[in-house]
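# Examining the three-dimensional arrangement
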Amino acid sequence: MTQILSFNKLQNFSKVTLLSVLFLNFCHISFSFCLLQTNAIKTSKYNFFTFLPLNLFEQFQRIANAYFLFLLVLQVIPQISSLSWFTTVVPLILVLTVTAAKDATDDINRHRSDNRVNNRKVQVLIDRKLRSEKWMNVQVGDIIKLENNQFVTADLLLLSSSEPLNLVYIETAELDGETNLKVRQALPVTGDLGDDIEKLADFNGEVRCEPPNNRLDRFTGVLSFAGQKYSLDNEKILLRGCTLRNTEWCFGLVLFGGPETKLMQNCGKSTFKRTSIDRLMNILVLFIFGFLAFMCSVLAIGNYIWERNEGSQFTVFLPRLEDDPAFSSFLTFWSYVIILNTVVPISLYVSVEIIRLGNSFYIDWDRKMYYARNDTPAEARTTTLNEELGQIKYVFSDKTGTLTQNIMIFNKCTINGKCYGKMCTPLTSPHQPKQYTDTVDFSFNPLADSRFVFHDHSLVEAVKLENTEVHAFFRLLALCHTVMAEEKKEGELFYQAQSPDEGALVTAARNFGFVFRSRTPDSISIVEMGKQCNYELLAILDFNNVRKRMSVIVRSPEGKLSLYCKGADTIIYERLHQSCSKLMDVTTEHLNEFAGDGLRTLALAYKDLDEEYFNQWIQRHHEANTALEDREGKLDQLYEEIEKDLLLLGATAIEDKLQDGVPQTIEQLSKADIKIWVLTGDKQETAENIGYSCNLLREEMNDVFIISGNSLEDVQQELRNARTSMKPDAAENSEFLPEMDKGVKVVTDEVVNGEYGLVINGHSLAYALEHSLELEFLRTACMCKAVICCRVTPLQKAQVVELVKKYKKAVTLAIGDGANDVSMIKAAHIGVGISGQEGMQAVLSSDYSFAQFRFLQRLLLVHGRWSYLRMCKFLRYFFYKNFTFTFVHFWFAFFCGFSAQTVYDEWFITLYNLMYTALPVLGMSLFDQDVNDVWSFQHPQLYVPGQLNLYFSKKSFFKCALHSCYSSLVLFFIPYAAMYDTVRDDGKDIADYQSFALLTQTCLLFAVSIQMSYWTAVNTFFVLGSLAMYFAVTFTMYSNGMFTILPSAFPFIGTARNSLNQPNVWLTIFLTSILCVLPVITNRFLMIQLCPTINDKAKATPAPPTRRARIRRTSSRRSGYAFSHAQGYGDLVTSGRFLRRPALTRSSGFTHAGRTTTSFSPMGRSAGYSPTGRPQNNKVPDVEVTSLQMYRTITDSAP
């Protein structure tokens, strides 16, 4: 489907008008209605008139609210209800009001946001004049003018700008969270229009583009003008939500407005995640409804029997029109539905949300999860998943930027078969720490970076001796990249790299004498050992995730035509000339050595090109680049054609250091029986060695299985061999287990002797994820302590997570820091984003976020465990107190002729959950800690009960129900026996219904209030406060004054003062409380002595010593390079979208008399590179930084 925009000058109406048609199935459909399409957006849900009906409609879609509304309807029927209407109305209105207030506040904020955006002003070209218009009035086809620091109004085609080469700089924080600036450039044909209003008004042409979609990273279109076609891509489009920076002005044509913009197309609702406790609660609520119906049926049958046998004798005292036992039984059923409704308390759901909100604040306020270097606190981006953090069984983690720092250091390299790199002095003692040789002196190069550290002097000597291969090696690094250089002053270079790898490589080339100075769309200027050289840039063959390489085609100053290529070693090796076989073998050995240190490698190669062949190739390249359909596929074919028969130069090795605390965190999580799977795009060997470095894989493991089969049968056999090694007696088909969950087979955990690891590469994983083999793979992987999946795509990451979710009854967590981790984060039960070096995409899609991987152990072992424990205790206690409250009604029915009379005062029924028992349970749920955070780290096995659902499950729920049944028997029959035929001290009768009701409800309140897990100062205050509140309210409502005001609502006049001054009443309260608590205390004592839990065992065990991480440093495994590159910067370079000012006229830098000291951001990192462009030890400065300024080199003159 293609959209066509035609715009031209109309007489007396110069406003560019949209004359569009939409091609759908080759049929022309009028698209003229777009003339009325405005740029207004609406994210609000309600208005003044629709709020009440819509909000109530939404709230009553919840089963609990609808249930209580149904009860309210029953209560207004006199023949059914024995309770006053306010017992249901008060809690229901409270819940509805609180929820409505929250929804109204949120929607008012949305209205304000919409109005603020829609009423922004922008200059629109109308009648050959620029007029100020509101955003909401901008239409598709308008030409608008933006000025510096203005938000982009709609999705625009950039026409012209104030900057050289028609560049604009934009910030895309609202789109992807990245605050670094990006560059866009207009077509030359539109850039010539400049800011001439007459030329802009007279300009006419046709834009054929894609229909509205949510793809932020791509745009396909063609501009037809003056008989020529011009390719349009994402680099010529300004998307709504961006902000114009460092650009005085620009003009753009509105392509999409309002809800059709890519920003609004991406505003779809996220997948709603529910915790396992929520899902269990749904099942239990259904059971409670069934049990409520059962109890009501029993009592209705009892009423039928009683009416037939005894009821006729009471007609003298209770005359009634109907004397039909069956009809009376029917009415009784619905009456008891009302009375016993407290088994499904409406306040439960409100309390749950309050508890979750409070525990979310604890995460936000935790200073121990605050990363001061980047001023980044932990953030709970959702309030509904806290307790799920205490049940995690599987953690799926990215590697680069998550386990590692994503700060690259040029460490080693191999050139023409010779290895260069870190040099260590001989050790006189095995316990002596490594001491590196003196750093290389780069004083011969005044443009060198003073913070770049290299220890191998032989490489510098080779450069000085003009070794041909060494020079070609560093020339390639200086030419084959998409780094931008800006030099505002002589000697002040600002390197702007889109990936940390490129920044480190270009800096290395710079220090060894090949300094990248500047570039234009068709040239690259470098300084080669003091000599200024200008290379003609003919083409950039850009990187993408499939190619995993990039190339440049340049013409040297001598006229020589060459292609330089760098990429993953396996990809480059497939395209080498046969003459490189011996050099390839030697280079492979060096790569294996690099792998032992967990370094990221990159192979370098080149070839000379024939002039005639290249001219034909570049013509076909232009045709493919302007194709509207399958543009990427055609370009890939051309790239494959020219990138072959390459000559190998060597390889680089870059160190990506681990984040602080990663080995200790992984060790702690492993002790908590959390299985960690690393899903990375790195080569198998690199990821494997990082696994050893971070304690994921350990030398103590019995075995680490490598799955690298190239066919389905090979992978299946390797998986079976691994499983047999771990468990020789494992049955062939035992993965098909009888346990079912919603019709899906569940793979249960299998116990193996020892610890094992599993490493599987990308192509083998593709076979393992096929339907016929997925259970085999899952079963084998779950038997291992750690799993590493290498060379995986973002889609495969999500597939692995979905596989575990589907077949394992376990809670999963995915953690990552880049856009390639978003699918995995969304797929897992819990998504955690790290605000690291790869932007904020992962954070924006996550449920929780923080700055360092090490904070994960505190999030799970402390906050997650506390949240889960508190929620479980809350649910057990809540169900206990409400079941006990309700069952007393059930027993009373057998003594009141099944007449649906309540055993409590109506006001007590109303306030029981809202006031009398709310504070103790909330206090316990918000402040309870069975152990402190230090003990949680010392005993990570305390986390295991959450994984096994030991604190709250169906079994614990039924135990709670049985406990409630026992307590209700005590609370009914003890007061009943104590009050039966009893008189006061003065001989007056006390055995009346009101006195019995008061005694029963008082006993109930004491019994449920004192059954707290821990008696802390907070809990004691809440319990005593609630009891004091109960007595204050009771004496007030049972006073003469309240009865005088409203006799029908306060019938218990004088009951409190007449009953609560009797010793036998308080003795009964004391006795019932003891009898209710005694079984609990007895059970706890016996369980600790006879069957201690993990908690009991952990508390009796001293803290285990911390095992030192064993770092593996030698390996024969190959290493690979995983690009952190992003696609699209090749076109940016060749189009010239990088210069803000014309290049300075300058010398090569080698003619300076004095040496120039250089520095770059980040500070304090030896040859390190941080793509944020921020000093690593300083707070973030308030300076706009472009995406091409992510890597900087600043030189200052030395005295």
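Everything numeric here is computed off the predicted structure, so don't read it as measured data.

### Description of the packing of helix α18 (residues 662-671) against helix α26 (residues 855-893)
- Taken N-terminus to C-terminus, the directions of α18 and α26 make an angle of 25°; their axes are 9 Å apart at the nearest point. Judged by the angle between their axes, α18 and α26 are roughly parallel. The two elements α18 and α26 meet at a crossing, and its hand is left-handed. The segment α18 lies against α26, with Thr665, Gln668 and Leu669 engaging Leu856, Gln857, Leu860 and Leu861.
- Classifying every residue of the contact of α18 with α26 by side-chain character gives four nonpolar, three polar and no charged.

### Points about a negative patch on the surface
- On the surface, Glu147, Asp195, Asp196 and Glu248 cluster together into a negatively charged patch.
- Note on placement: Asp196 falls in the loop between α5 (188-191) and α6 (197-202).
- Judged by its relative accessible area of 33%, Asp196 is partly exposed.

### Concerning the pairing of strand β29 (residues 675-679)
- With five of five residues buried, β29 is to be regarded as a mostly interior element.
- Because side chains alternate across β29, one face comprises the buried residues Lys675, Trp677 and Leu679, and the other comprises Ile676 and Val678, equally buried.
- Alignment of strand β17 (residues 392-397) against β29, held across four bridges, turns out to be parallel. Within β29, the residue paired with Val395 across the bridge is Ile676.
- When β29 meets strand β34 (residues 786-789), the two strands line up parallel, connected through four bridges. What sits directly across from Leu679, in β34, is Cys789.

### Focus: the environment of Tyr420
- Residue position: Tyr420 is located in strand β19 (residues 418-420).
- Between the C-alpha atom of Tyr420 and that of Val460, which follows or precedes it by 40 residues, the distance is 10.0 Å.

### Re the UniProt feature "active site" (unreviewed entry) in the chain
- Within this structure's numbering, the places UniProt gives as "active site" (unreviewed entry) are Asp398.
- Summarising the element assignment, Asp398 is placed in the loop between β17 and β18 (404-415).
- Residues in contact with Asp398, not counting those within four places in the same chain, are Leu403, Leu679, Thr680, Lys797, Ile815, Gly816, Asp817, Asp821 and Met824.
- Among the polar contacts made by the side chain of Asp398, one reaches the side chain of Lys797 at a distance of 3.4 Å.

### Comments concerning the packing of aromatic side chains
- If you walk through the whole model with that rule in mind, you get 69 aromatic pairs.
- Residues Trp249 and Phe251 carry aromatic rings whose centres are separated by 5.7 Å and whose planes lie at 70° to one another, so their mutual orientation is edge-to-face. Across this residue pair, the class does not change: Trp249 and Phe251 are buried.
- Between Phe850 and Phe855, the ring centres sit 6.1 Å apart and the planes meet at 85°, which makes this aromatic pair edge-to-face.
- On the accessibility criterion, Phe850 (1% relative accessible area) is buried.
- Phe855 gets classed as buried once you look at its relative accessible area, which sits at 5%.
- By way of ring pairs, the aromatic residues Phe892, Phe895, Phe972, Phe973, Tyr976, Tyr980, Tyr993, Phe996, Tyr1038 and Phe1052 are connected into one cluster.
- In this arrangement the basic side chain of Arg120 is found over the ring face of Trp135, its NZ or CZ atom lying 5.0 Å from the centre.

### Regarding the side chain of Lys785
- Along the polypeptide, Lys785 turns up in the loop between α22 (774-782) and β34.
- There is a polar contact of 3.3 Å between the side chain of Lys785 and the backbone oxygen of Ser670.
- For Lys785, the contacting residues outside a window of four places in its chain are Ser670, Asp673, Lys675, Ile676, Met701, Glu755 and Tyr756.

### What to know about the sheet that holds β29
- Across the sheet, which stays open at both edges, the nine strands sit in the order β16-β37-β36-β35-β17-β29-β34-β33-β30 with mixed pairing between neighbours. Every interior strand has two partners, whereas the edge strands, β16 (379-380) and β30 (703-707), have only one.
- Relative to the sheet, helix α20 (residues 712-726) contacts β30 and β33 (756-760), its axis offset from that of β30 by approximately 170°.

### A few points about the pattern of salt bridges
- Counted according to the given criterion, the structure contains 35 salt bridges.
- Across the salt bridge formed by Glu388 and Arg279, the nearest N and O atoms sit 3.9 Å from each other. Pair noted here: Glu388 is in the loop between β16 and β17 and Arg279 is in helix α8 (residues 276-309), with a separation of 109 residues, a long-range link.
- A residue is classified by how much of its surface remains accessible, and Glu388, at 0% relative accessible area, is buried.
- Of the residues examined, Arg279 reaches a relative accessible area of 34% and is grouped as partly exposed.
- One salt bridge in this structure joins Glu611 and Arg555, with 2.9 Å as the shortest N-O distance. Of this pair, Glu611 sits in helix α16 (residues 611-625) while Arg555 sits in strand β25 (residues 549-555), placing them 56 residues apart in sequence.

### Observations concerning the side chain of Thr1068
- Tracing the chain through its elements places Thr1068 in helix α36 (residues 1063-1090).
- We classify Thr1068 as buried; its relative accessible area is 7%.
- Those residues in contact with Thr1068, other than ones at most four positions away along the chain, are Ile974, Pro975, Ala978, Leu999 and Cys1003.

### Section: helix α9 (residues 325-339)
- The terminal C-alpha atoms of α9 lie 20 Å apart, and with 15 residues this matches the ideal 21 Å at 1.5 Å per residue to within 8%.
- Of all the residues in α9, the buried ones are Pro325, Ser328, Ser329, Leu331, Thr332, Ser335, Tyr336, Val337, Ile338 and Ile339.
- Its buried side turned inward, α9 meets α2 (63-75), α8 and α26.

### Here's the deal with the environment of Phe473
- Note that Phe473 resides in helix α12 (residues 468-479).
- What makes Phe473 buried here is its relative accessible area of 0%.
- Expressed as a C-alpha distance, the spacing of Phe473 and Gly650, which sit 177 residues apart in the sequence, is 7.3 Å.
- Residues within four places of Phe473 in sequence aside, it is in contact with Cys413, Thr414, Ile415, Leu604, Leu649, Gly650, Ala651 and Thr652.

### Some thoughts on the sheet that holds strand β4 (residues 121-126)
- Strand order across the open sheet formed by six strands is β5-β4-β6-β15-β7-β13, with antiparallel pairing between neighbours. The sheet is open, and its two borders are formed by β5 (129-134) and β13 (237-238), each paired with just one other strand.
- Pairing of strand β7 (residues 155-161) with strand β15 (residues 249-256) involves six bridges; the strand directions are antiparallel. Residue pairing in the sheet places Ser161 in a bridge with Cys250 of β15.

### Notes on the nonpolar core
- Counting residues in hydrophobic clusters, the biggest one holds 99 residues, and the most contacted among them are Tyr336, Phe874, Leu875 and Phe879.
- At 18 residues, the largest contribution of residues to this core is made by α26.
- Dropping the residues within four chain positions of it, Leu875 is found in contact with Ile277, Met281, Leu348 and Phe952.
- In terms of nonpolar packing, the next biggest core, distinct from the first, is built from 53 residues, Ala472, Phe514, Val552 and Ile654 among them.

Parameters at a glance
- Residues numbered from 1 in each chain as written.
- Predicted model: local features only at pLDDT ≥ 70, side-chain atom pairs only at ≥ 80, totals over all residues.
- Heavy atoms only, no water.
- Axes fitted to C-alpha atoms, helices over the stretch in contact; angles between N-to-C directions.
- Helix = DSSP H or I, 4+ residues; strand = E, 2+ residues; numbered from the N terminus.
- Parallel < 35°, antiparallel > 145°, perpendicular 65-115°, else oblique.
- Left-handed = near helix turned anticlockwise from the far one by under 90°.
- Contact = heavy atoms within 4.5 Å.
- Nonpolar A, V, L, I, M, F, W, Y, C, P; charged D, E, K, R; others polar.
- Patch = residues over 30% accessible without salt bridge, like charges linked within 9 Å, V, L, I, M, F, W, Y side chains within 5 Å.
- Areas by Shrake-Rupley, 256 points an atom, 1.4 Å probe, with all protein chains shown as cover.
- Salt bridge = Lys/Arg side-chain N within 4 Å of Asp/Glu carboxyl O.
- Lys, Arg positive; Asp, Glu negative; His and termini not counted.
- Charge placed at Lys NZ, Arg CZ, Asp CG, Glu CD.
- Buried < 20%, exposed > 50% of the residue type's maximum accessible area, 1.4 Å probe, protein only.
- Pairing = 2+ DSSP bridges.
- UniProt positions renumbered as here; feature names shortened; annotations may be inferred.
- Polar contact = N/O pair within 3.5 Å; in protein donor to acceptor, adjacent residues only side chain to side chain.
- Phe/Tyr/Trp six-rings, centres within 6.5 Å; stacked < 30°, edge-to-face > 60°.
- Lys NZ or Arg CZ within 6 Å of the ring centre and 35° of its normal.
- Expected span 1.5 Å × (residues − 1).
- Core = buried A, V, L, I, M, F, W, Y, C linked by side-chain atoms within 4.5 Å.

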